[in-house]
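# Coordinate analysis (summary)
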Amino acid sequence: AARFCQSCGSGDMAPSKAGNARKCGACGAGAYPRIDPSVIVLVTSKGGEHALLGRKANWPEGRYSTLAGFCEVGETLEETVVREVFEESGVRVSPPSIRFTSSQTW
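These notes cover the structure that comes with them. From a predicted model like this one, the values you see are computed outputs, not experimental measurements. (Residues numbered from 1 in each chain as written. Predicted model: local features only at pLDDT ≥ 70, side-chain atom pairs only at ≥ 80, totals over all residues. Heavy atoms only, no water.)

Next up on the list: the pattern of salt bridges. In the structure shown here, the tally under the stated rule is four salt bridges. Close ionic contact of Glu-84 with Arg-83 constitutes a salt bridge, the shortest N to O distance being 2.9 Å. Note on accessibility: Glu-84 and Arg-83 belong to one class, buried. In this structure, the salt-bridge partner of Arg-83 is Glu-87, at a minimum N-O distance of 3.4 Å. Placement of the pair is Arg-83 and Glu-87 together in helix H1 (residues 77-89), with a separation of four residues, close to one helical turn. Shared partners join several salt bridges into a network, and the residues in it are Glu-72, Glu-75, Arg-83, Glu-84 and Glu-87. (Salt bridge = Lys/Arg side-chain N within 4 Å of Asp/Glu carboxyl O. Buried < 20%, exposed > 50% of the residue type's maximum accessible area, 1.4 Å probe, protein only. Helix = DSSP H or I, 4+ residues; strand = E, 2+ residues; numbered from the N terminus.)

What follows is the structure, given as structure tokens:
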């Protein structure tokens, strides 16, 4: 679940609308989750000493992120990882190298 408000950054988020949304107790902003299947992935070098991170051009200097994206209809999570990493970075991921770690609700 979203722990921090996207508008003000407060940690005062609580369920609302019968659990279908969250509302910030500090500023009143509502958060409605996307429920499409998606992946977030940390791509590492073979030895694990380097990580591939991305950044948006309009982000402040020094902000980076792991790569992520939404699944296309009929696509497996592994296919999504391969496609999204290539689309966002130009790096090819070998499907057998993908390790599933965990999942979470919104």
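From this point, the narrative continues.
Here the focus is the state of the cysteines. Following the criterion strictly, the structure yields zero disulfides and no others. Not part of a disulfide, Cys-27 finds its nearest cysteine sulfur in Cys-5, a span of 3.7 Å. (Disulfide = S-S within 2.5 Å.)

On the surface, Leu-42, Leu-53 and Tyr-64 cluster together into a nonpolar patch covering about 320 Å² of accessible area. Position of Leu-53 among the secondary structure elements: in the loop between strand E6 (51-52) and strand E7 (67-70). Look at Leu-53 and you get partly exposed, because its relative accessible area is 44%. (Patch = residues over 30% accessible without salt bridge, like charges linked within 9 Å, V, L, I, M, F, W, Y side chains within 5 Å. Areas by Shrake-Rupley, 256 points an atom, 1.4 Å probe, with all protein chains shown as cover.)

Turning our attention to the packing of aromatic side chains. Each aromatic ring pair is specified by the distance between its two centres and by the angle formed by the two planes. In the structure shown here, the tally under the stated rule is zero aromatic pairs. Across from the ring centre of Trp-59, 5.7 Å away, lies the NZ or CZ of Arg-63, which sits over that ring. Above the face of the Phe-86 ring, Arg-92 is positioned so that its terminal group lies 3.9 Å from the ring centre. (Phe/Tyr/Trp six-rings, centres within 6.5 Å; stacked < 30°, edge-to-face > 60°. Lys NZ or Arg CZ within 6 Å of the ring centre and 35° of its normal.)

Nonpolar side chains in soluble globular proteins tend to be buried together. Counting residues in hydrophobic clusters, the biggest one holds seven residues: Val-39, Val-41, Val-43, Leu-67, Val-81, Val-85 and Val-93. In contact with Val-81, other than residues within four places in its own chain, are Val-39, Val-41, Val-93 and Ile-98. Counting five residues, the second-largest nonpolar core is a separate cluster that includes Met-13, Cys-24, Ala-29 and Ala-31. (Core = buried A, V, L, I, M, F, W, Y, C linked by side-chain atoms within 4.5 Å. Contact = heavy atoms within 4.5 Å.)

Moving on, we come to the sheet that holds strand E2 (residues 21-24). By definition, the strands of a sheet pair up through backbone hydrogen bonds, in either a parallel or an antiparallel sense. Spatial strand order, E1-E2-E3: three strands in an open sheet with antiparallel pairing. Each edge of the open sheet carries a strand with a single partner, namely strand E1 (13-16) and strand E3 (30-31). Examined bridge by bridge, E2 and E3 share two bridges and lie antiparallel to one another. Each bridged residue has a counterpart across the sheet, and for Arg-22 the counterpart in E3 is Ala-31. (Pairing = 2+ DSSP bridges.)

Turning our eyes to something else, we now look at the pairing of E2. Across four bridges, E1 lies against E2 in antiparallel orientation. Directly across from Ala-14, in E2, lies its bridge partner Lys-23. Counting the residues between successive antiparallel strands, the hairpin from E1 to E2 contains four residues, one of them, Lys-17, with a positive phi of roughly 50°.

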